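Structural description and commentary
So you can see what is in the structure, the chains are spelled out below.
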Amino acid sequence: MEQTFIILKPSAIRRSLVGDVLTRLQRKGLFITGIKMMQLDDTILREHYAHLVDRPFFPSLLRSMEATPVIVAVLKGKDAVAVVRTLVGATNSRLAAPGTIRGDFGMSGQENIIHASDSPENALVEINRFFRPEEIFDYPMITAEAIYCPDEMN
Ligand code: UDP
Ligand code: MG
């Protein structure tokens, strides 16, 4: 099954939303296969947000993402990348649909609670950027038979 990568940003840490956000993702049926707290720095953020380094808001984005440690996690499920992006909602929290994480918990375009990988290719790159192989766990997903039909569990 597919795996995707998320960051619970400093906005989630500061506002004590870690439990609420992880609960939503777990209740949906996603399995946590890796999770840890870490302090991000300019080097890793310049890689992670390489598509944004020339944008005027990039210095502010660096300050925002370094403001506190973050929680990074890997989530597993069928079509996990697309499913998690749908749950996360639009980048600008004020425009994100009600029912999405950003739509329900935020008011900002930058302080938008959570990062999620935007394609399966980027998910692999991001998982390897933030996790060592031994930090990702492959354990029996014993509730999967209640979450999926047999054809969906490949
Ligand atoms: N961001 C920002 N201003 C913008 C666009 C993006 O501060 O005009 C920040 C915001 O925190 C966003 C992150 O940069 O989550 C990465 O931007 P991206 O376009 O990749 O959006 P995402 O994939 O997070 O929805
Ligand atoms: Mg993005």
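So, here is what we can say about the structure in this document.

Criteria and cut-off values
Residues numbered from 1 in each chain as written. Chains lettered and ligands numbered in written order. Predicted model: local features only at pLDDT ≥ 70, side-chain atom pairs only at ≥ 80, totals over all residues. Heavy atoms only, no water. Core = buried A, V, L, I, M, F, W, Y, C linked by side-chain atoms within 4.5 Å. Buried < 20%, exposed > 50% of the residue type's maximum accessible area, 1.4 Å probe, protein only. Helix = DSSP H or I, 4+ residues; strand = E, 2+ residues; numbered from the N terminus. Contact = heavy atoms within 4.5 Å. Near = heavy atom within 4 Å. Polar contact = N/O pair within 3.5 Å; in protein donor to acceptor, adjacent residues only side chain to side chain. Nonpolar A, V, L, I, M, F, W, Y, C, P; charged D, E, K, R; others polar. Salt bridge = Lys/Arg side-chain N within 4 Å of Asp/Glu carboxyl O. Pairing = 2+ DSSP bridges. Arc of directions from axis to C-beta.

Overview of the nonpolar core
In this structure, I6, L8, V21, L25 and I114 are the most contacted members of the largest nonpolar core, which totals 22 residues. With four residues, the single largest contributor to this core is helix 2 (residues 18-28). Once residues lying within four places of it in the same chain are set aside, the contact partners of L8 are I13, V18, V21, L22, V70, I71, I113 and I114. In this structure, F5, F58, V70 and F130 belong to the second largest nonpolar core, which totals 17 residues.

A look at the site of ligand 1
Neighbouring ligand 1 are the residues K9, Y49, H51, L52, F57, L61, R85, T91, R102, G109, Q110 and N112. Separating an oxygen atom of ligand 1 from a side-chain N or O atom of R85 is a distance of 2.8 Å. Each residue belonging to the shell around ligand 1 can be placed in one class, and the counts come to four nonpolar, five polar and three charged.

Regarding the pattern of salt bridges
Under the definition given, this model contains six salt bridges. Here K36 makes a salt bridge to E135, at a shortest N to O gap of 2.9 Å. Remark: E135 occurs in the loop between helix 7 (120-130) and helix 8 (144-147) and K36 occurs in strand 2 (residues 31-38); sequence separation between them is 99 residues. Judged by its relative accessible area of 23%, K36 is partly exposed. Residue E135 pairs with R132 through a salt bridge whose shortest N-O separation is 3.6 Å. What makes E135 buried here is its relative accessible area of 17%.

Brief notes about the pairing of strand 1 (residues 2-8)
Counting buried positions over the seven residues of strand 1 gives five, a clear majority of the element. Note: strand 1 against strand 3 (residues 70-77), seven bridges, orientation antiparallel. Bridging from a neighbouring strand, L8 pairs with I71 of strand 3. Bridge count for strand 1 against strand 4 (residues 114-116) is three bridges, and the pairing is antiparallel. Paired with I6 across the two strands is A116, which belongs to strand 4.

Here we look at helix 4 (residues 58-66)
Of all the residues in helix 4, the buried ones are F58, L61, L62, S64 and M65. Looking down the long axis of helix 4, one finds its buried residues gathered within 165 degrees of arc, a one-sided arrangement. The inward-facing, buried residues of helix 4 abut strand 1, helix 1 (10-14), helix 3 (42-48) and strand 3.

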